[in-house]
Amino acid sequence: DYGEFIGRELVEMTRRAFPLSHDREETFLAGLSMGGFGAIRNGLKYSGTFGYVAGLSSAVHIFEMAPDAPNRTLFREDLVFGDLEEARKTDKNPRVALLQAKAADRALPKIYMSCGLQDSLLESNRSLRDFFLENGVALTYRESQGIHDWYFWDREIRAVLDWLPLPDPNAGLSSGNVSAE
């Protein structure tokens, strides 16, 4: 179960290995393309772990497109999910993961989504955006020029870093502690 590994086990391992915060509000998850799908799905399923989740050009098409839509499956997603119509009804689907988190009265992460205006996944991202907004998710959503590529993601990850409540790396330093060499 890769979702549980990312959503729980990896976080626990890194917290044991490094001096990381155990506060969900200081625990972030992000991904792009299929990793964007995974970040959103796992961020919702393991909402007790993550306070902030970002998905860039998220490959959410598999559950956002109609079953008979052309290009619904781009890379044999059925090999990952099994029967796609059965998977649609489970928490593998971000919509179901959100509704389950809400039903269990779990705190939801703040979510950042972005997609390029020329990306073939744009309509699927818009569809999930609308569902999130209808269900009260704290969502930041951006669209801008770009396709499904590293030019778009490099630009957008900077916007994600600006969105996250990161600590000031210079906090606590006085001018007496800083030297330039």
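Because the structure is predicted, anything quoted here is derived from the model rather than measured. (Residues numbered from 1 in each chain as written. Predicted model: local features only at pLDDT ≥ 70, side-chain atom pairs only at ≥ 80, totals over all residues. Heavy atoms only, no water.)

Caption draft 1: Helix 7 (residues 122-134), seen in detail. With 13 residues, helix 7 ought to run about 18 Å at 1.5 Å a step, and its terminal C-alpha atoms sit 18 Å apart, in line with that. Residues of helix 7 that are buried: Leu122, Ser124, Asn125, Leu128, Arg129, Phe131 and Phe132. Considering only its buried residues, helix 7 is in contact with helix 2 (34-45), helix 3 (61-64), helix 6 (94-103), strand 3 (110-116) and strand 4 (139-144). Glycine 136 sits one or two positions beyond helix 7 and adopts a positive phi of about 75 degrees. (Helix = DSSP H or I, 4+ residues; strand = E, 2+ residues; numbered from the N terminus. Expected span 1.5 Å × (residues − 1). Buried < 20%, exposed > 50% of the residue type's maximum accessible area, 1.4 Å probe, protein only. Contact = heavy atoms within 4.5 Å.)

Caption draft 2: Main features of the side chain of serine 114. Topologically, serine 114 is positioned in strand 3. Each residue touching serine 114, except ones within four places of it in the same chain, is listed here: Gly55, Leu56, Ser57, Asn125, Arg142, Phe152 and Glu156.

Caption draft 3: Spatial organisation of the sheet that holds strand 4. Spatial ordering of the open sheet is given by 1-2-3-4, a layout of four strands whose pairing is parallel. This sheet does not close on itself; its edge strands, each paired only once, are strand 1 (28-32) and strand 4. When the angles between neighbouring strand axes are averaged without regard to direction, this sheet yields 10 degrees. Direction of pairing for strand 3 relative to strand 4: parallel, over a ladder of six bridges. (Pairing = 2+ DSSP bridges. Axes fitted to C-alpha atoms, helices over the stretch in contact; angles between N-to-C directions.)

Caption draft 4: Region of interest: the pairing of strand 2 (residues 52-56). When you tally the buried positions in strand 2, you get five out of five residues, the bulk of the element. Judged by which residues are buried, strand 2 turns out to be covered on both faces: Tyr52, Ala54 and Leu56 on one side and Val53 and Gly55 on the other are all buried. Summarising the sheet, strand 1 and strand 2 pair through five bridges and their orientation is parallel. In the strand pairing of strand 2, alanine 30 is matched with alanine 54. The parallel pair strand 1 and strand 2, bridged by helix 2, forms a crossover whose chirality is right-handed. Where strand 2 meets strand 3, five bridges bridge the pair, whose relative direction is parallel. When the sheet's bridge partners are listed, glycine 55 is paired in strand 3 with methionine 113. (Right-handed = clockwise from strand over helix to strand, strands pointing away.)

Caption draft 5: View of unusual backbone geometry. Look at serine 57: it is not a glycine, yet its phi comes out positive at around 50 degrees. Positionally, serine 57 belongs in the loop between strand 2 and helix 3. Even without being a glycine, aspartate 105 presents a positive backbone phi close to 60 degrees. Residue placement: aspartate 105 occurs in the loop between helix 6 and strand 3. Residue class for aspartate 105 comes out exposed when judged on its relative accessible area of 71%.

Caption draft 6: A look at the pairing of strand 3. Extensive coverage of strand 3 is indicated by the burial of six of its seven residues. Once the chain exits strand 3 it traverses helix 7 before rejoining the sheet at strand 4, and the crossover so formed is right-handed.

Nothing here speaks to function; it is all geometry.
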